[in-house]
Amino acid sequence: MKCIKTSLPGLCIIEPDVYEDNRGFFMETYRKDIFASLGISKEFVQDSHSHSVKGVIRGLKFQFDKPTDKLVRVASGSIFAVGVDIRPNSSMFGKWEGVELSSDNKRQLFLPFGFAFGFCVLSESAEVLYKLSEIHNASGSGTIRWDDIDISIVWPNVNPAVNESDNLAPTFNEWKASSAAKVFATTFETRSQETHAED
């Protein structure tokens, strides 16, 4: 298993060791000791699963009250997965990185706390699996518009299917001026200090 760095510090692509023969394949998708050797030491406490059809765009989602690390992979199908750096004081604040995750390439995307996440389905459908380092907190979660002009994600050329709440989400500038952003800055700093203490 290896970790491939991206242009955004902390955001990385995980490539597993895959053992294939005429019966099929076997791979480990998560192992605590190996992930720790890759610099990912936070334990995961929740698994989630979504099913989406072609053209669906979900995001950009994040948790501002108890920011969470996220590990994403695709069990069936293919998606264009995006991480956006919303870490306070980050030199890459507002920058994004996109990568294709699929059941064929078996890659995973690790997003440390302080990243917003979104994806677009490229295949006829996709089964997306998430591991979270904090229990999902619906009241402490937020969304930034998927087509925000300041972030300017270059999404695949598809006819997007987006739910109403995501279409009505605040822009990046609106979110930065919100009370939720202030809560996020405080909880992010607390979480960062806790992480450094654990290290």
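The structure under discussion appears in the preceding block.
Residues numbered from 1 in each chain as written. Predicted model: local features only at pLDDT ≥ 70, side-chain atom pairs only at ≥ 80, totals over all residues. Heavy atoms only, no water.

**Digging into the overall build of the protein**
Link 1 in the chain: If you tally the helices and strands in the protein, you get 4 helices and 13 strands.
Link 2 in the chain: For the C-alpha atoms alone, the extent of the protein along its principal axes is close to 55 × 45 × 30 Å.
Link 3 in the chain: Considering the protein as a whole, with its 199 residues, one finds that 47% of them fall into the buried category.
Link 4 in the chain: Restricting the contact set of the protein to residue pairs at least 6 apart, pairs at least 24 apart contribute 79%.
Link 5 in the chain: Just so you have it, the protein exposes about 10300 Å², and 50% of that area is on carbon and sulfur atoms.
Link 6 in the chain: Considering the protein, the positive charge centre built from 21 side chains and the negative charge centre built from 27 side chains are found 1 Å apart. (Helix = DSSP H or I, 4+ residues; strand = E, 2+ residues; numbered from the N terminus. Buried < 20%, exposed > 50% of the residue type's maximum accessible area, 1.4 Å probe, protein only. Contact = heavy atoms within 4.5 Å. Areas by Shrake-Rupley, 256 points an atom, 1.4 Å probe, with all protein chains shown as cover. Lys, Arg positive; Asp, Glu negative; His and termini not counted. Charge placed at Lys NZ, Arg CZ, Asp CG, Glu CD.)

**Section: the nonpolar core**
Link 1 in the chain: Ranked by size, the top nonpolar core spans 23 residues in total, and within it Leu60, Val84, Ile86, Ile144, Trp155 and Trp175 carry the most contacts.
Link 2 in the chain: For this core, the secondary structure elements donating two or more residues are strand 6 (57-63), strand 8 (78-85), strand 11 (115-121), helix 3 (172-176) and helix 4 (179-198).
Link 3 in the chain: Per-element accounting of this core gives the leading share, 4 residues, to helix 4.
Link 4 in the chain: Setting aside chain neighbours within four positions, we find Ile144 in contact with Gly59, Leu60, Phe62, Ile86, Ile151, Ala169, Pro170, Thr171, Phe172 and Trp175.
Link 5 in the chain: Among the nonpolar cores identified, the runner-up in size contains 19 residues, and Val74, Ile79, Phe115 and Phe117 belong to it. (Core = buried A, V, L, I, M, F, W, Y, C linked by side-chain atoms within 4.5 Å.)

**Observations regarding the environment of Leu122**
Link 1 in the chain: Within the secondary structure, Leu122 is located in the loop between strand 11 and strand 12 (125-132).
Link 2 in the chain: Sequence-wise, Leu122 and Val56 are 66 residues apart; in three dimensions their C-alpha atoms are separated by 8.5 Å.

**Points about unusual backbone geometry**
Link 1 in the chain: Backbone torsion omega between Gly59 and Leu60 reads 10 degrees, so that peptide bond is classified as cis.
Link 2 in the chain: Topologically, Leu60 is positioned in strand 6.
Link 3 in the chain: The backbone phi angle of Asn89 is positive, close to 70 degrees, even though this residue is not glycine.
Link 4 in the chain: In this structure, Asn89 sits in the loop between strand 8 and strand 9 (96-102).
Link 5 in the chain: Exposure remark for Asn89: the relative accessible area of 82% places this residue in the exposed category.
Link 6 in the chain: Non-glycine residue Ser152 carries a positive phi angle of around 55 degrees.

**Structural notes on the pairing of strand 10 (residues 108-111)**
Link 1 in the chain: Here strand 10 shows a buried face lined by Gln108 and Phe110 and a second buried face lined by Leu109 and Leu111.
Link 2 in the chain: Taken together, the 3 bridges between strand 2 (residues 12-15) and strand 10 define a ladder with antiparallel strand orientation. Residue Cys12 lies in a different strand from strand 10, and its bridge partner there is Phe110.
Link 3 in the chain: Here 4 bridges tie strand 7 (residues 70-76) to strand 10, and the two strands are oriented antiparallel to one another. Bridge pairing in strand 10 places Leu71 opposite Phe110. (Pairing = 2+ DSSP bridges.)

**Considering the sheet that holds strand 9**
Link 1 in the chain: Read across the open sheet, the 5 strands follow the order 9-8-11-6-13; overall the sheet is antiparallel. Of all strands in the sheet, those with a lone pairing partner are strand 9 and strand 13 (141-143), marking the two edges. For this sheet, the mean angle separating the axes of adjacent strands, direction not counted, is 25 degrees. (Axes fitted to C-alpha atoms, helices over the stretch in contact; angles between N-to-C directions.)

**A short note on the sheet that holds strand 2**
Link 1 in the chain: Within the open sheet, the 6 strands sit side by side as 1-2-10-7-12-5. Their pairing is antiparallel. Both edges of this open sheet fall to strand 1 (2-5) and strand 5 (46-53), since each of them pairs with a single strand only. Averaged over all pairs of adjacent strands, the angle between strand axes in this sheet comes to 25 degrees, irrespective of strand direction.

**Looking at the side chain of Ser123**
Link 1 in the chain: Structurally, the position occupied by Ser123 is in the loop between strand 11 and strand 12.
Link 2 in the chain: Given a relative accessible area of 18%, Ser123 falls into the buried group.
Link 3 in the chain: A polar contact is formed between the side chain of Ser123 and the backbone nitrogen of Ser78, at a distance of 2.8 Å.
Link 4 in the chain: Within the local environment of Ser123, its side chain forms a polar contact with the backbone oxygen of Ser125, the two atoms lying 2.6 Å apart.
Link 5 in the chain: Excluding its chain neighbours within four sequence positions, the residues that come into contact with Ser123 are Lys54, Gly77 and Ser78. (Polar contact = N/O pair within 3.5 Å; in protein donor to acceptor, adjacent residues only side chain to side chain.)

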